[in-house]
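Overview (structure and organization)
One letter stands for each residue in the lines below.
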Amino acid sequence: MDGLSLIKAASAIGAGLAMIAGIGAGIGQGYAAGKGAEAVGKQPEAQGDIVRTMLLGAAVAETTGIYGLVIALILLFANPLFG
Amino acid sequence: MDGLSLIKAASAIGAGLAMIAGIGAGIGQGYAAGKGAEAVGKQPEAQGDIVRTMLLGAAVAETTGIYGLVIALILLFANPLFG
Amino acid sequence: MDGLSLIKAASAIGAGLAMIAGIGAGIGQGYAAGKGAEAVGKQPEAQGDIVRTMLLGAAVAETTGIYGLVIALILLFANPLFG
Amino acid sequence: MDGLSLIKAASAIGAGLAMIAGIGAGIGQGYAAGKGAEAVGKQPEAQGDIVRTMLLGAAVAETTGIYGLVIALILLFANPLFG
Amino acid sequence: MDGLSLIKAASAIGAGLAMIAGIGAGIGQGYAAGKGAEAVGKQPEAQGDIVRTMLLGAAVAETTGIYGLVIALILLFANPLFG
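One structure accompanies this document, and this report is about it. (Residues numbered from 1 in each chain as written. Chains lettered and ligands numbered in written order. Predicted model: local features only at pLDDT ≥ 70, side-chain atom pairs only at ≥ 80, totals over all residues. Heavy atoms only, no water.)

So, on to the interface of chain D and chain C. Opposite the 46 residues of chain D that make contact, chain C presents 46 residues. Approximately 3,500 Å² of surface area, both sides summed, lies buried where chain D meets chain C, with 76% of it carried by carbon and sulfur atoms. For the chain D face of the interface with chain C, the top three residues by lost area are K8, M19 and L76 of chain D, together amounting to 15%. Here chain D is connected to chain C by one salt bridge. (Contact = heavy atoms within 4.5 Å. Buried area = accessible area lost by both parts, 1.4 Å probe. Salt bridge = Lys/Arg side-chain N within 4 Å of Asp/Glu carboxyl O.)

Printed below as a string of structure tokens:
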């Protein structure tokens, strides 16, 4: 077994592991969506403010999922370990 | 199999593992987004204070996700183990 | 395969594992952010006390994430196992 | 591959695993911070008692995170398995 | 590779895994701390009883974290598998 093949194999596993971070954004943003829907149901006249706050917070929650995606893409397409 | 290849392979897996930390920020910040949307629905006149508190707390929650990203980037681009 | 390479490879994986501790701080601090935003919406006049309590508690919750970061940095930059 | 290198490699992984204990303290202390902020918003005159109770409970929650840190430090710096 | 080295390596990983039990105590005790802070805010005159109950419950929650610590210490310092 040559070394480069081992690094490529491990990079495939690492890319997969990095995506597990997405669990958090999925749960958190779903909670935000639920609370947002609940709040719009109670105060329909405040729908604009509610949705804006929900989306602002959800955008922040997305960041760590994007970090995981970036690391996975680096491992696949711009892997510095293949030196 | 040479030693450097093994270290590089393990670094790819380690970088992926480090990103799993992002689960926490995703869940926590999503919770904050939901509570923020709910609070804005109830007290739209306090929207500025609510959103500022939400974002301040979310920024603190982001830190450990960034720690994970930093360790992953060190493992990929500035790995001290390749000595 | 030499022994030092194996230790270095395991250290890369260990550093990644240590960062997983950050999940806790992310969830907890996000919860604090949500409760803080909710409380500010209800009692805007107490915003200073609410935010101070939120940040004090969040700082305590950060500690175990920092412990993980310290162990990861020791494994990478000051590894006593390379003796 | 010599035996001592294998033990050292496993100790690096074990140290990383031990830090995962910190997830608990992070979640728990963040919950305490959120409830503390909420309580201070409702009864600002009881802020001292609330914060003291919050920090006392958070200190207890910190213990298992510190146990993990101690085991990780033993594995790295005072490892009895290297006999 | 001799057998004793393999057992010692596995013991190092096992000690790290055992500490993960601490997640539970951390979450549970933090929940107790939050509810305790909330209760002290509502009935400051009952602070003594509230804190005593909180600490009694937290002590019970600590037990499983201590079990994990004991097993980790046995694996490291009094390992019966090295016979």
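Let's shift gears to the interface of chain D and chain E. The interface is formed by 46 residues belonging to chain D together with 47 residues belonging to chain E. When chain D packs against chain E, the two sides together hide about 3,500 Å² of surface, and 76% of this comes from carbon and sulfur. Seen at the junction of chain D and chain E, the total is one salt bridge. Here E38 of chain E ties to K35 of chain D by a salt bridge, and the two come within 3.0 Å at their closest N and O atoms. Among the secondary structure elements, those contributing two or more residues to the side of chain D that touches chain E are α1 (3-19), α2 (22-42) and α3 (47-77) of chain D. Counting residues per element, the side of chain D that touches chain E draws most heavily on α3 of chain D, which supplies 16 residues. Classifying every residue of the side of chain D that touches chain E gives 29 nonpolar, 14 polar and three charged. (Helix = DSSP H or I, 4+ residues; strand = E, 2+ residues; numbered from the N terminus. Nonpolar A, V, L, I, M, F, W, Y, C, P; charged D, E, K, R; others polar.)

As a further point, take empty space enclosed by the protein. Taken as a whole and judged by the stated rule, the model has five cavities of 30 Å³ or more. A volume near 40 Å³ is recorded for the largest cavity. Forming the boundary of the largest cavity are K35, E38, A39, K42 and Q43 of chain B together with E38 and K42 of chain C. At the level of elements, α2 (22-42) of chain B together with α2 (22-42) of chain C are the ones that each hand at least two residues to the lining of the largest cavity. A total of four residues in the lining of the largest cavity trace back to one element, the largest contributor, which is α2 of chain B. Classifying every residue of the lining of the largest cavity gives one nonpolar, one polar and five charged. (1 Å grid on protein atoms, 1.4 Å probe; cavity = no way out; pocket = protein on both sides within 12 Å on 5 of 7 lines; lining within 4 Å. Points joined across faces, edges and corners; volume = space filled by probe spheres on them.)

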